[in-house]
Amino acid sequence: MKYTKFGKTGIEVSKMCLGTWGIGGAGWDNYSDESRMDAIKAALDCGINFIDTAPAYNAGKAEQYVGETLHKLGARKEVVISTKCGNEFIDGKYVRCGSADKILRECDESLQNLKTDYIDVYLVHWPDPNVAMEETMDALNQLKKQGKILHAGVSNFTKEQMEEANKYCEIEAYQPQFSMVDRENEELIRWAHAQDMGVMTYGTLGGGILTGKYRKLKTYEANDNRNRFYPYFREPLFSKAMKLLSVMDKISKERNVPLAQIALNWTLKKEFISSCITGSQSRDKIEANCKVFDWELSAEEMQILDKAIEEYSRA
Ligand SMILES: NC(=O)c1ccc[n+]([C@@H]2O[C@H](COP(=O)([O-])OP(=O)(O)OC[C@H]3O[C@@H](n4cnc5c(N)ncnc54)[C@H](OP(=O)(O)O)[C@@H]3O)[C@@H](O)[C@H]2O)c1
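All values derive from a computational prediction rather than experimental measurement.

Novice: For this particular structure, what's the right way to read the packing of helix H9 (residues 237-255) against helix H12 (residues 299-313)?
Specialist: Closest axis-to-axis distance for the H9/H12 pair is 9 Å, and the angle between their directions is 170 degrees. With respect to their mutual orientation, H9 and H12 come out roughly antiparallel. Residues Leu237, Lys240, Ala241, Leu244, Val247, Met248, Ile251 and Arg255 of H9 touch H12, and the partners they reach there are Glu301, Ile304, Leu305, Ala308, Ile309, Glu311, Tyr312 and Ser313. Its residues assigned to classes, the contact of H9 with H12 shows 11 nonpolar, 1 polar and 4 charged.

The following block contains the structure:
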C-alpha cells in the first residue's frame, strides 16, 4: 500500500480508499453479511486505512457494516472514515436533504451507525438546490465546533458551488467521479488539488465495467446502479467502452495483470488525486486490487491508454 497526505487536512491516507456503496446492499450484487464484513477486514489487512461510506448507502446499512467491523476489530482509531450528509435513501429513492436540522440529525445517526464519537471527513453528498448553501455549510461548522466531525468537504459540487460553500465552512475534501471512462471532472479536480483539498475520486473501476467482467450488453433492474447511475453500461457508451477494453486486454496479456489493476494503475498515476475509491464486497477482489501497488504502467503504456480514452471520449 502507498500513503499520502490528504490535502490540507494533513491526515495520512492510503492511496486506495474502500468504497462501501455495494457493501450497503442496495442496487448492487447481493453478498452475505459475512462477506461484506470480511471485505472491510480484507481492506485493513491490505493496508487500506481509508473507508468511504454514506447514510444513503441503503439507509445506514453500509455505515452499520463499517461500524460493526471496526468495533469488533478494535480498529476505529487506525481508520480514517469519510461519510456524508444531505442525501437520503427513502423507499429505494435518493432524496436531497441539505437543511440544517436534517444534517444535525443525520450526523448523530451516522455516529451511532459507525459506533464512534467522531467522523474524520464529513462530506455534503450532493448540493440541495432547495436549501441555501449558507444553511447547509453552517450546520457542518456547528458539527465541527462540537467535535463530531474533524474535516468538512463536498461531493458532486461544481466549482461555483465549492467557492460558495467555502465562504461559510472551509472545504478540505472533494469527492467527484473520475476514471478511464469518465474524465468530465478532471479540470475541476486539478483546481481542487491546487487549492490543497484532499481529492478522493469515485467509480475508479467504472462501477465494474473496467474489470472486463461485463462484455455483453445486459438489461439491469430499474434500481440497479449499473442501470441508473453509470451510463457506460448502456449504449452508445457501452460499445465504446468495449473498444477501450480491447486496448486494455493487450496490456493485460503482455503484463499478465488483470484489467482492474490497469484501471487502478492509470488512476493512481494522476498526481492530482489523493486516494482512489474502489468498491468491492469480497476479500478476493480487494486483495487482487491491492496488488496494483506491486507494478506500474510504463510511460508508453500510459500513452496507448490515453489515446484509447481520447477515442472513447469523442462524441
Ligand atoms: N459521492 C458519490 O456520489 C459517490 C458515487 C458513487 C460511488 N461513490 C463511492 O465510491 C465507491 C466506489 O464506486 P463504485 O463502488 O460505485 O464503483 P467502482 O469501485 O468503480 O466499481 C465497483 C464494482 O466493481 C466490482 N469490482 C471491484 N473489484 C473488482 C475486481 N477485481 N474484479 C471484478 N470486479 C470488481 C465490484 O464488485 P463487487 O461489489 O461484486 O465485489 C463492484 O461491482 C462507492 O462504493 C462509494 O463509496 C461515491
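Novice: What is the right way to read the packing of aromatic side chains from this model?
Specialist: What describes a pair of aromatic rings is the distance from one ring centre to the other and the angle between the planes of the rings. According to the stated counting rule, one finds 15 aromatic pairs in the structure shown. Here the aromatic rings of phenylalanine 89 and tyrosine 94 are separated by 4.8 Å at their centres, their planes lie at 50 degrees, and the arrangement is tilted. Under the relative-accessibility criterion, phenylalanine 89 is labelled buried at 17%. A relative accessible area of 26% places tyrosine 94 in the partly exposed class. One aromatic cluster is present, formed by Trp21, Trp28, Tyr57, Phe89, Tyr94, Tyr202, Tyr214, Tyr220, Phe229, Tyr230, Tyr232 and Phe233 through successive ring pairs. A cation over a ring is seen here: arginine 76 above tyrosine 118, with NZ or CZ 4.0 Å from the ring centre.

Novice: Any chance you could explain a negative patch on the surface here in plain terms?
Specialist: Taken together, the side chains of Asp101, Glu134, Glu135 and Asp138 make up a negatively charged region of the molecular surface. Among the elements that take part in the negative patch, helix H5 (residues 133-145) stands out by supplying 3 residues, more than any other. On the secondary structure map, glutamate 134 appears in helix H5.

Novice: Sorry if this is basic, but what is going on with the environment of glutamate 172 here?
Specialist: Note on placement: glutamate 172 falls in the loop between helix H6 (159-168) and strand S10 (173-175). Since its relative accessible area comes to 6%, glutamate 172 is described here as buried. Taking the C-alpha atoms as reference, glutamate 172 lies 9.2 Å from alanine 192; in sequence the two are 20 residues apart. Every residue in contact with glutamate 172, bar those within four places of it in the chain, is listed here: Lys8, Thr9, Lys144, Leu150, His151, Ala152, Gly153, Met197 and Gly198.

Novice: Teacher, can you tell me more about the UniProt feature "domain: NADP-dependent oxidoreductase" (unreviewed entry) in the protein here?
Specialist: Within this numbering scheme, the UniProt entry marks residues 15-309 as carrying the feature "domain: NADP-dependent oxidoreductase" (unreviewed entry). In the segment residues 15-309, helix accounts for 43% and strand for 16%; the C-alpha atoms at its two ends are 23 Å apart.

Parameters at a glance
- Residues numbered from 1 in each chain as written.
- Predicted model: local features only at pLDDT ≥ 70, side-chain atom pairs only at ≥ 80, totals over all residues.
- Heavy atoms only, no water.
- Axes fitted to C-alpha atoms, helices over the stretch in contact; angles between N-to-C directions.
- Helix = DSSP H or I, 4+ residues; strand = E, 2+ residues; numbered from the N terminus.
- Parallel < 35°, antiparallel > 145°, perpendicular 65-115°, else oblique.
- Contact = heavy atoms within 4.5 Å.
- Nonpolar A, V, L, I, M, F, W, Y, C, P; charged D, E, K, R; others polar.
- Phe/Tyr/Trp six-rings, centres within 6.5 Å; stacked < 30°, edge-to-face > 60°.
- Buried < 20%, exposed > 50% of the residue type's maximum accessible area, 1.4 Å probe, protein only.
- Lys NZ or Arg CZ within 6 Å of the ring centre and 35° of its normal.
- Patch = residues over 30% accessible without salt bridge, like charges linked within 9 Å, V, L, I, M, F, W, Y side chains within 5 Å.
- Areas by Shrake-Rupley, 256 points an atom, 1.4 Å probe, with all protein chains shown as cover.
- Salt bridge = Lys/Arg side-chain N within 4 Å of Asp/Glu carboxyl O.
- Lys, Arg positive; Asp, Glu negative; His and termini not counted.
- Charge placed at Lys NZ, Arg CZ, Asp CG, Glu CD.
- UniProt positions renumbered as here; feature names shortened; annotations may be inferred.

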